[in-house]
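If you want the building blocks of each chain, they are given just below.
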Amino acid sequence: MSRPGYERLPMHTVPEQGPPRSRSRSRSRPQPFRIPMTLRSFDFTRLLKVILAISAAAILYTFYFYEPHIEITFYSRKWINSEIESVGQLAGCFDEGRISAEYNASRYLKGPKEVEVHAGMGMRLGMDCYEFAATIPLSTSANMDNGGPHLAPDERTQYHTYWRVDLATFSERQEWMLKSFFATQDHATSRLIMWSNGDLSTNSILASYAHMHPNSFEMRVVNIPDLASGTALDGSPLLKTNDKKAWTDGDLVRLLVIWNYGGVWIDMDSLLTRDLSPLLEHEFVTQWDCYDKIYQPLNGALMHFHKHSPYLCEAFNIMATSAAPRADSTDWGALLYLKLWRRLLGAHIPPFKVLPFCFSDARSCRLDNRLPDPFDEDDGSEARWWRATKDGLQEGGDLDGALRSVFAVHLHNQWDKTFPKGGWVERLLLKRYEEKLAERGDL
Ligand SMILES: *[C@@H]1O[C@H](CO)[C@@H](O)[C@H](O)[C@H]1NC(C)=O
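Residues numbered from 1 in each chain as written. Predicted model: local features only at pLDDT ≥ 70, side-chain atom pairs only at ≥ 80, totals over all residues. Heavy atoms only, no water.

Identification of the protein chain as Glycosyltransferase family 32 protein from Suillus luteus UH-Slu-Lm8-n1 is taken from an unreviewed UniProt entry. According to the UniProt record, the Sequence similarities (unreviewed entry) comment for the protein chain is "Belongs to the glycosyltransferase 32 family." (UniProt positions renumbered as here; feature names shortened; annotations may be inferred.)

This is the structure in structure tokens:
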């Protein structure tokens, strides 16, 4: 049989034919080995010290010239087996006749889309993710003709966020999220609902927003049992889930709120950088980081689902039938979405989309293409790959351009930190929010 191409293989890949060569015999009898006198009194501690010093030098040398990529995580095999490997069944939320009349499946699940949010591969190299974000147009025909200016509050795109009153006082640092919202989103067609677990209406900052934006800002207190009514979690003891980092209850609140009202979820520890409406043809969660951690690829810090989305209906079923979330875990903030995604595939249902990491969380990548630390001075080591304006950052990628292309910067809580004076966050984001708000007559 002829094997075209075989000859073109480089020689070293052709396996050796014939019997293994025998090892050459020793030519002479070995002499008995005698330890010289000088070695007998050798100082082994000294040798050890020399070896350690050489190893340390080698490690330093390696880390200086090479980029180490090390991440070791230990997962219990029992956990992998029960939580990852066993893909459960969907509960039938996508079945004919079970989709809510308020959810337009022919449009949301099967309708044509103008904007593509999947690049087709992970974008870890250079500025690829930011460049891909720049392919998303500033507006689409869908959001150009969605009713014209000054829609009634209920007809607007709903944006939801959540503040836990027992976590910290809502103050200036938190207000930046609101400023970013009103500086970047369309006031006439959107509304931000600030959910909380206690009354915030007496907070002077929030009261001023409610006064300034009667149609596009509102505060509401969550009533979890009410929001869960009619879902698979209705009456479940899981609704009392709570932990001190506001993780699991925040993860629950977002799903319930979007199920009831539809719209976009934005974590409070985010700064928006762009109008999100061109993304809203799709239902989506976000990519956890650029590494695509195999058991933790998805994140709900920014997400979008329509009211009564069957995706969320399935999510509630998974929550109701799985083990309770562990305290301060991402069981409902990451694992749940992965389970849901895999069940959808298992049932041959097109899954929701996953926004690339940099769209909302560009801090979660390699040192040379993640956003510099927002709380670090510009001369900090992390910022050295970026070029921004005359002052501050130099070399490497264009930070300003990157921030204009992506949609949000996720700050990962860090509520105790302030943005450094003259740092990139102040120059490229906060100052521009103020300018935009002044232009809009909001200040
Ligand atoms: C659902 O979406 C389709 C396609 O966009 C549209 O033609 C239809 O009118 C919508 N149905 C309802 C009930 O809104």
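Chemist: Is there a simple way to explain empty space enclosed by the protein in this structure?
Modeler: In this approach a probe as big as a water molecule rolls over the atoms, and the regions it shows empty are the leftover space. Following the criterion strictly, the structure yields 3 cavities of 30 Å³ or more and no others. Every residue along the wall of the largest cavity is listed here: Glu 83, Ile 84, Ser 86, Val 87, Gly 88, Leu 335, Leu 338, Lys 339, Arg 342 and Arg 343. Listing elements by their share of the lining of the largest cavity, those giving two or more residues are helix H3 (77-85) and helix H12 (331-346). No other element matches the 5 residues that H12 contributes to the lining of the largest cavity. Residue composition of the lining of the largest cavity, grouped by class: 4 nonpolar, 2 polar and 4 charged. (1 Å grid on protein atoms, 1.4 Å probe; cavity = no way out; pocket = protein on both sides within 12 Å on 5 of 7 lines; lining within 4 Å. Points joined across faces, edges and corners; volume = space filled by probe spheres on them. Helix = DSSP H or I, 4+ residues; strand = E, 2+ residues; numbered from the N terminus. Nonpolar A, V, L, I, M, F, W, Y, C, P; charged D, E, K, R; others polar.)

Chemist: What am I meant to see in the sheet that holds strand E7 (residues 298-305) here?
Modeler: Backbone-to-backbone hydrogen bonds pair the strands of a sheet. The strands run either parallel or antiparallel. Ordered by their spatial adjacency, 7 strands build an open sheet running E3-E2-E1-E4-E7-E6-E8, and the pairing between neighbours is mixed. Two strands bound the open sheet, and with one partner strand each, they are strand E3 (217-221) and strand E8 (353-355). In this sheet, neighbouring strand axes are inclined to one another by 30 degrees on average, regardless of whether the strands run parallel or antiparallel. The pairing of strand E4 (residues 263-266) with E7 spans 4 bridges and is antiparallel. When the bridges of E7 are listed, Ile 266 appears paired with Leu 302. Across the sheet, helix H8 (residues 204-212) lies against strand E2 (190-196) and E3, angled at about 130 degrees from E3, the strand it touches most. Taken strand by strand, H12 contacts strand E6 (284-287), E7 and E8, and its axis lies near 65 degrees from that of E7. (Pairing = 2+ DSSP bridges. Axes fitted to C-alpha atoms, helices over the stretch in contact; angles between N-to-C directions. Contact = heavy atoms within 4.5 Å.)

Chemist: So what exactly am I meant to see when it comes to the UniProt feature "transmembrane region" (unreviewed entry) in the protein chain here?
Modeler: On the UniProt side, "transmembrane region" (unreviewed entry) is annotated at positions that read residues 47-66 here. This span, residues 47-66, is 95% helix and 0% strand, and a straight line between its end C-alpha atoms measures 28 Å.

Chemist: Help me out: how do you make sense of the site of the ligand in this one?
Modeler: Near the ligand the following residues occur: Asn 104, Ser 106 and Arg 107. At 2.3 Å from an oxygen atom of the ligand is found a side-chain nitrogen or oxygen belonging to Asn 104. Across the complex, the protein chains shield 27% of the 360 Å² of accessible surface that the ligand would expose by itself. (Near = heavy atom within 4 Å. Polar contact = N/O pair within 3.5 Å; in protein donor to acceptor, adjacent residues only side chain to side chain. Areas by Shrake-Rupley, 256 points an atom, 1.4 Å probe, with all protein chains shown as cover.)

Chemist: When you look at the side chain of Arg 366 in this model, what are you seeing that I'm missing?
Modeler: With respect to the helices and strands, the residue Arg 366 is situated in the loop between helix H13 (357-361) and strand E9 (386-387). In this structure the side chain of Arg 366 is engaged in a polar contact, spanning 3.2 Å, whose partner is the backbone oxygen of Arg 124. Ignoring anything within four residues of it in the chain, the contact list for Arg 366 reads Glu 67, His 69, Arg 124, Gly 126, Cys 290 and Tyr 291.

Chemist: Got a minute to help me understand the side chain of Asp 331 in this structure?
Modeler: Position of Asp 331 among the secondary structure elements: in helix H12. Note on Asp 331: relative accessible area 12%, which makes it buried. In this structure the side chain of Asp 331 is engaged in a polar contact, spanning 2.6 Å, whose partner is the side chain of Arg 326. For Asp 331, the residues in contact, after removing those within four places along its chain, are Ala 324, Pro 325, Arg 326 and Leu 336. (Buried < 20%, exposed > 50% of the residue type's maximum accessible area, 1.4 Å probe, protein only.)

Chemist: Help me understand the pairing of E7 in this model?
Modeler: Consecutive residues of a regular strand have side chains that alternate between opposite faces of the sheet. Buried residues dominate E7, accounting for 8 of its 8 residues. In this structure, E6 lies alongside E7, joined through 3 bridges in antiparallel fashion. Across the sheet, Gln 287 pairs through a bridge with Leu 298, a residue of E7.

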